[in-house]
Amino acid sequence: MSSSTDGGEIIRVSKKGQATIPKELRERFGIETPGKVLIHEAEGKIVVEPLPSVEEMQGVHAGRYEKGDVLEHLREMKEEDKQLERDERLERHQ
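Residues numbered from 1 in each chain as written. Predicted model: local features only at pLDDT ≥ 70, side-chain atom pairs only at ≥ 80, totals over all residues. Heavy atoms only, no water.

Undergrad: Can you walk me through the pattern of salt bridges in this structure?
TA: Note on pairing: side chains with opposite charge can pair once their charged atoms come close. Counted by the stated rule, this structure contains six salt bridges. Note that Glu27 is salt-bridged to Lys23, the shortest N-O span being 3.8 Å. Placement of the pair is Glu27 and Lys23 together in helix α1 (residues 23–29), with a separation of four residues, close to one helical turn. Using a relative accessible area of 56% as the deciding quantity, one classes Glu27 as exposed. Given the relative accessible area of 54%, Lys23 is considered exposed. Linking Glu24 and Arg28 is a salt bridge whose minimum nitrogen-to-oxygen distance equals 2.5 Å. Pair noted here: Glu24 and Arg28 are both in helix α1, with a separation of four residues, about one helical turn. (Salt bridge = Lys/Arg side-chain N within 4 Å of Asp/Glu carboxyl O. Helix = DSSP H or I, 4+ residues; strand = E, 2+ residues; numbered from the N terminus. Buried < 20%, exposed > 50% of the residue type's maximum accessible area, 1.4 Å probe, protein only.)

Undergrad: Whenever I open this one, the environment of Ala19 confuses me. Can you help?
TA: On the secondary structure map, Ala19 appears in the loop between β2 (8–11) and α1. Setting aside residues up to four positions removed in sequence, Ala19 forms contacts with Ile11, Arg12 and Val13. (Contact = heavy atoms within 4.5 Å.)

Structure representation (structure tokens):
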């Protein structure tokens, strides 16, 4: 549940520390679901930055890794995404 204020939008943080990025902001900044964002601190504030999808990154690192390393990394990322989806389904049913 969220509520709008003049200075932004207030959102709930779950017991697990999870927060939902409002749909309007996801659409405005091109954050796909499921997807990934980079969260870091800058000047004492939490910054959330959208990360490009695997498809958008295709070819960006060509020649940088040994053959098979990128594929293995992508498989690991896909497995992490599946685990996150399972965790979210379990949380909804609790």
